[in-house]
Amino acid sequence: MAHDSHEAHAKDHAGKLTERRFTAEPTGRANFQALIGGLGAAALGAGTFATWMHDVPMPIGPYLFGGGTLAVVIASVMGSSDGMPIRVGDVGVAVERGGGQPERIAWYEVESVLLEDNRIVVKAGSKRIVAPASHHGAAAAWIVKEAQQRIPARVSVPADRIGELMRGADEHGTVLAVEALQVAGRRCKASNAIISFERDARICKRCGEVYDKKHVPEKCLTCEAPMT
């Protein structure tokens, strides 16, 4: 049934740009964080009842408020960006940090894909997206898989670890349609000229690099894919 489901997703998005959305696997730390947060919320609820809903305010009310607030703060601090949903696909790698749109690194922007402390790290200037192999194994595997196909020269993962990581690159994740990145306003990779109109742009289908139609090289200057 799972295989049929993935085939159905593929048919639904045929001809469109897509990406896979991965959620982190539960960890002991995450479970403990949820427990502390739940106890904190319960304490705050009990404090509210003891202070304002009871016939006579109970002396324990302030202590419940204090303890509940502390527990909620601790649970928030324990939260890690390493556990946020990650997307990998045609337009790059993205992480959902809680805003309206995911923070995205396009393939042409990627400076390096590294393995650091059992975490796949995608770097682009000051931006970093981290996929720990321990609880984001599927996302880490897909990042390596896609990066090897699109920007292999920028992948710096030891060969003996690639095979281990790629075992997680099966049909995990939810397939989503995604809009192409905006082209107008970007600079041509070859001439540095600003692309004013979409019709003047030629886009590398492998990494998303953009060129002015008058300065298209035979091969993409970023990933060396043929531009004919």
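Located above this text is the structure these notes cover.
First, a word on what this report is: a plain description of the structure on this page. Every value quoted in this text rests on a predicted model; they were computed, and no experiment measured them.

### Quick word on the sheet that holds strand β8 (residues 155-156)
Part 1 of the reasoning: Spatial ordering of the open sheet is given by β7-β6-β5-β8, a layout of 4 strands whose pairing is mixed. Since the sheet does not close on itself, it has two edges, and those belong to β7 (127-132) and β8, each with one partner.
Part 2 of the reasoning: Bridge count for strand β5 (residues 112-116) against strand β6 (residues 119-124) is 5 bridges, and the pairing is antiparallel. The residue of β6 that forms the bridge with S112 is K123.

### Re helix α5 (residues 159-166)
Part 1 of the reasoning: Three or more residues of α5 are buried, namely R161, I162 and L165. Projected down its long axis, α5 carries its buried residues within an arc of 110°, all on one side. In α5, those exposed residues whose orientation departs by more than 90 degrees from the buried face are A159 and D160.
Part 2 of the reasoning: Packing partners of the buried residues in α5 comprise β5, β6 and α4 (137-150).

### Comments concerning the nonpolar core
Generally speaking, soluble globular proteins have nonpolar side chains that are buried together.
Part 1 of the reasoning: Formed by 40 residues in total, the largest nonpolar core has its most connected members in W107, I120, I143 and C207.
Part 2 of the reasoning: Secondary structure elements with two or more residues in this core: β2 (86-89), β3 (92-95), β6, β7, α4, α5 and β11 (210-212).
Part 3 of the reasoning: It is α4 that contributes the most residues to this core, 7 residues altogether.
Part 4 of the reasoning: Residue contacts for C207: discarding those within four places in its chain leaves W107, Y108, I151, C220, T222 and C223.

### Some points on the environment of V216
Part 1 of the reasoning: Along the chain, V216 falls in the segment after β11.
Part 2 of the reasoning: When its relative accessible area of 31% is taken as the criterion, V216 is described as partly exposed.
Part 3 of the reasoning: Considering only alpha carbons, one finds V216 and T228, 12 residues apart in sequence, at a separation of 8.7 Å.
Part 4 of the reasoning: Contact partners of V216, with chain neighbours within four places excluded, come to R202, Y211 and M227.

Definitions and cut-offs
Residues numbered from 1 in each chain as written. Predicted model: local features only at pLDDT ≥ 70, side-chain atom pairs only at ≥ 80, totals over all residues. Heavy atoms only, no water. Pairing = 2+ DSSP bridges. Helix = DSSP H or I, 4+ residues; strand = E, 2+ residues; numbered from the N terminus. Buried < 20%, exposed > 50% of the residue type's maximum accessible area, 1.4 Å probe, protein only. Arc of directions from axis to C-beta. Contact = heavy atoms within 4.5 Å. Core = buried A, V, L, I, M, F, W, Y, C linked by side-chain atoms within 4.5 Å.

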